Amino acid sequence: MLDARRTPNTLPNAPGVGFKPAHFQGLTDDPGPAHWIEVHAENYMGDGGRQIAQLRALSEQFATSVHGVGLSIGGAQDLDADHLARLKHLCDWLKPDSFSEHLAWSTHGAEYMNDLLPLPYTDATLAHVAAHIDQVQDTLGRQMLLENPSSYLAFDDSTWSETEFLAELVRRTGCGLLLDVNNVFISATNLGTSAEAYIDAYPLEAVGELHVGGHAEDIDDRGAPLLIDSHGAPVVGAVWTLLDRVLARTGPRPVLVEWDNDVPDWPTLRAEAVRAAAALAPA
Amino acid sequence: MKRFYDALLDPVLPAPEGLHDGTGAVAGKRFDVYRNNVMQSLTDVMRAGFPAVRKLIGAQNFDLVAGAFIRAQPPTLPIMQRYGDGFDSFLAEVPQLAHLGYLSDVAGLEQALRLSYHAADCVPLDAARLGDLPPEQLGAVRFAVAPAVHLIPSVWPLYDIWRFNTEDGAPKPQPVAQHVLITRADYDPVPHPLSPAQGAWIAALMAGETLEAAQDAAGAVDPACDIATPMALLFAQNAVTGLITKDPA
């Protein structure tokens, strides 16, 4: 278990934005309330070129968060040592204020599926995930934050609730949590549970970062609502309301606006950051 | 997880057992969300990486052949800017596309553009350094070439075909063989057309041959080959990073 005091998460309790290269100029010229940026680790593993240069430049102006999407922490198989080494290389030169990954898997054998796949919550998966988190934190020499998934289905085998599973991981590994409020709303809608009850049961004291983002609406075979975590639309009112519920208990925390697909112009994303700032400093 | 995984890439397989929708009903279409996410995200990666191939065969055909590629060669790295390497060889083996002989080379060009974009930065060498060498040593010199530099040999008018399919109003391809040199002076990779002899010259230099050996290689293709133009191009595009005057052995 990691001594979290050694490597505190140093993101400011302010709005941040998921960085997209199209926003480089707008963001640097007129960041508005955006005080920090988050990048997907796997997009910054090239040897050089514009993307790395932009990230170096941004890190002079903004606090940074490295958000991994490809480590497959939730998988049963060993973590990919090469990939972990690439993450360490990135964290070593960028010295980000936070590193986070997902409670999900994406690799089977040698193949990588480029999606965040779900896992059952059992004693066995708990042991795997805890061991993987220990390995990540030991390798990177820092605390990591673990993000809750957006769920479209549930496993018959699960014996833990998601909030209990996350709380137990925090207890065993000393990791922090990234609470994606949009994912809570999506999962609750899709699985017919209460988002508010999830937040109330969630170990909020471990939260180092919050995410909000947009989703798409669909229906399943039986006509029930099925929300898809698209990150391609504005944040809906119900998610902002849920964020308020979280912040009322945690106090100000770093809040990230995610918009990864159908990326809008900078003023549109900036307006979402302004909305997040309002949530952080209610009148 | 194996059953979950197998069903992701195989739309004919039923959704795995042991999944429910939260209320106890079988997951059904909900599993398809993961299937769709995987295929959609990887197809998007392919579309972004191969715009000229897509233009050449049409959006619908592209999605079909990209889907076949994804099922045959799923990613083995979580780094999506690398996914699609090998699409050129894959296309060369698709019988329905055999009539487009140049398609594989166009894919190779697009792969190289992407590799170049993410290649390491380096400090270019001033062309004047070449003039500092005693003339009798010039033939024995080797060039250190920037990692962002790529060469795609072709028997097709590759540069013209690529340009015609990526640039509005570009001239129609003419029936000449063009090798394509990719350089990256700062952050943007730029393709340049070369004659086969010029291509042979640069290929030899990139393989670590001496200037003299490179000249011989070019002369073997075309004794009247113009070397001055590609030489000037290499230096103007920051493609040379060093001169090696000692034999590597």
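Residues numbered from 1 in each chain as written. Chains lettered and ligands numbered in written order. Predicted model: local features only at pLDDT ≥ 70, side-chain atom pairs only at ≥ 80, totals over all residues. Heavy atoms only, no water.

Caption draft 1: Summary view of the UniProt feature "domain: Putative DNA-binding" (unreviewed entry) in chain B. The residues that UniProt annotates with the feature "domain: Putative DNA-binding" (unreviewed entry) are residues 3-91 of chain B. Counted over residues 3-91 of chain B, helix gives 61% and strand 2%. Its end C-alpha atoms are 30 Å apart. (UniProt positions renumbered as here; feature names shortened; annotations may be inferred. Helix = DSSP H or I, 4+ residues; strand = E, 2+ residues; numbered from the N terminus.)

Caption draft 2: Inspection of the pairing of strand 3 (residues 63-67) of chain A at higher detail. Residue and element names in this part refer to chain A. Counting buried positions over the 5 residues of strand 3 gives 5, a clear majority of the element. Where burial is concerned, the two faces of strand 3 agree: the one with A63, S65 and H67 and the one with T64 and V66 are both buried. Taken together, the 5 bridges between strand 2 (residues 36-40) and strand 3 define a ladder with parallel strand orientation. Within strand 3, the position partnered with I37 by the bridge is T64. Tracing the backbone out of strand 2, into helix 2 (residues 50-61) and back to the parallel element strand 3 gives a crossover that is right-handed. The pairing of strand 3 with strand 4 (residues 98-102) spans 3 bridges and is classified as parallel. Residue pairing in the sheet places H67 in a bridge with S100 of strand 4. On the question of chirality, the crossover connecting strand 3 to the parallel strand 4 by way of helix 3 (residues 81-94) is right-handed. (Buried < 20%, exposed > 50% of the residue type's maximum accessible area, 1.4 Å probe, protein only. Pairing = 2+ DSSP bridges. Right-handed = clockwise from strand over helix to strand, strands pointing away.)

Caption draft 3: Representation of the environment of I219(A). Within the secondary structure, I219(A) is located in strand 11 (residues 216-219). With 29 residues separating them along the chain, I219(A) and N190(A) place their C-alpha atoms 9.3 Å apart. Not counting residues up to four positions away in its chain, the partners in contact with I219(A) are A224(A), P225(A), L226(A) and K29(B). (Contact = heavy atoms within 4.5 Å.)

Caption draft 4: Here's a closer look at the sheet that holds strand 3 of chain A. Residues and elements named next belong to chain A. One closed barrel accounts for 8 strands, arranged 1-2-3-4-7-9-10-13; its pairing is parallel. Averaged over all neighbouring strand pairs, the angle between strand axes comes to 25 degrees, with direction disregarded. Seen against the sheet, helix 9 (residues 266-280) touches strand 1 (15-18) and strand 13 (255-258) and runs at an angle of roughly 150 degrees to strand 1. (Axes fitted to C-alpha atoms, helices over the stretch in contact; angles between N-to-C directions.)

Caption draft 5: Examining the sheet that holds strand 5 (residues 190-194) of chain B more closely. All names here are of chain B. Here 3 strands make up an open sheet; going across it, the order is 3-4-5 and the pairing antiparallel. Two strands lie at the open edges of the sheet, namely strand 3 (150-152) and strand 5, each paired on one side alone. Across the sheet, the axes of successive neighbouring strands diverge by a mean angle of 25 degrees, strand direction being ignored. Judged from the 3 bridges that link them, strand 3 and strand 4 (residues 179-183) form a sheet pairing that is antiparallel. From the neighbouring strand, H150 faces strand 4, where its bridge partner is I182. Contacting strand 3, strand 4 and strand 5, helix 6 (residues 103-117) crosses the sheet at an angle of about 175 degrees to strand 3. Sitting on the sheet, helix 9 (residues 196-206) touches strand 3, strand 4 and strand 5, and the angle it makes with strand 3 is about 140 degrees.

Caption draft 6: Spatial organisation of helix 9 of chain A. Residue and element names in this part refer to chain A. End to end, helix 9 covers 21 Å across 15 residues, agreeing with the expected 21 Å (1.5 Å per residue, within 8%). Taken as a whole, helix 9 has its buried residues at W266, L269, E272, A273, A276, A279 and L280. Viewed along the axis of helix 9, the buried residues span an arc of 130 degrees, placing them on a single side of the element. Residues of helix 9 that are buried in the fold lie against strand 1, helix 1 (24-29), helix 8 (237-250) and strand 13. (Expected span 1.5 Å × (residues − 1). Arc of directions from axis to C-beta.)

Caption draft 7: Inspection of the pairing of strand 5 of chain B at higher detail. Residue and element names in this part refer to chain B. Judged from the 5 bridges that link them, strand 4 and strand 5 form a sheet pairing that is antiparallel. Each residue of the ladder has a partner; that of H179, found in strand 5, is L194. Counted along the chain from strand 4 to the antiparallel partner strand 5, the turn is 6 residues long.

Caption draft 8: Region of interest: the interface of chain B and chain A. In this complex, chain B contributes 41 residues to the contact, which on the side of chain A involves 46 residues. In total, chain B and chain A occlude about 3,900 Å² of area from one another, counting both sides; carbon and sulfur atoms represent 59% of this. Where chain B touches chain A, the interface holds 4 salt bridges. A salt bridge links D21(B) to R222(A), with the nearest nitrogen and oxygen atoms 2.5 Å apart. Inspection of the region where chain B meets chain A yields 19 residue pairs in polar contact (both at pLDDT 80 or more). Top element by residues in the side of chain B that touches chain A is helix 2 (residues 29-49) of chain B. It accounts for 10 residues. Of the residues assigned to the side of chain B that touches chain A, the class counts are 24 nonpolar, 10 polar and 7 charged. (Buried area = accessible area lost by both parts, 1.4 Å probe. Salt bridge = Lys/Arg side-chain N within 4 Å of Asp/Glu carboxyl O. Polar contact = N/O pair within 3.5 Å; in protein donor to acceptor, adjacent residues only side chain to side chain. Nonpolar A, V, L, I, M, F, W, Y, C, P; charged D, E, K, R; others polar.)

Caption draft 9: Just the domain arrangement of chain B, in detail. Considered domain by domain, chain B is made up of domain 1 (1-100) and domain 2 (121-249). Distance from the C-alpha centre of domain 1 of chain B to the C-alpha centre of domain 2 of chain B: 37 Å. (Domains from an automatic or database assignment.)

Caption draft 10: Spotlight on the packing of aromatic side chains. Applying the stated criterion across every chain yields a total of 18 aromatic pairs over all chains. Ring geometry for F87(B) and F90(B): centres 6.4 Å apart, planes at 15 degrees, overall stacked. With F87(B) and F90(B) both in helix 5 (residues 87-92), this residue pair falls 3 residues apart, about one helical turn. Relative accessible area serves as the criterion here: at 0%, F87(B) is assigned to the buried category. Ring centres of F143(B) and F235(B) lie 5.8 Å apart, and the angle between their planes is 75 degrees; on these two criteria the pair is classed as edge-to-face. Remark: F235(B) occurs in helix 11 (residues 228-236) and F143(B) occurs in strand 2 (residues 142-145); sequence separation between them is 92 residues. Neither F143(B) nor F235(B) differs from the other in exposure class; each is buried. Here a set of aromatic residues connected by ring pairs shows up, and it is made of W105(A), Y152(A), F155(A), F4(B), F31(B) and Y34(B). (Phe/Tyr/Trp six-rings, centres within 6.5 Å; stacked < 30°, edge-to-face > 60°.)

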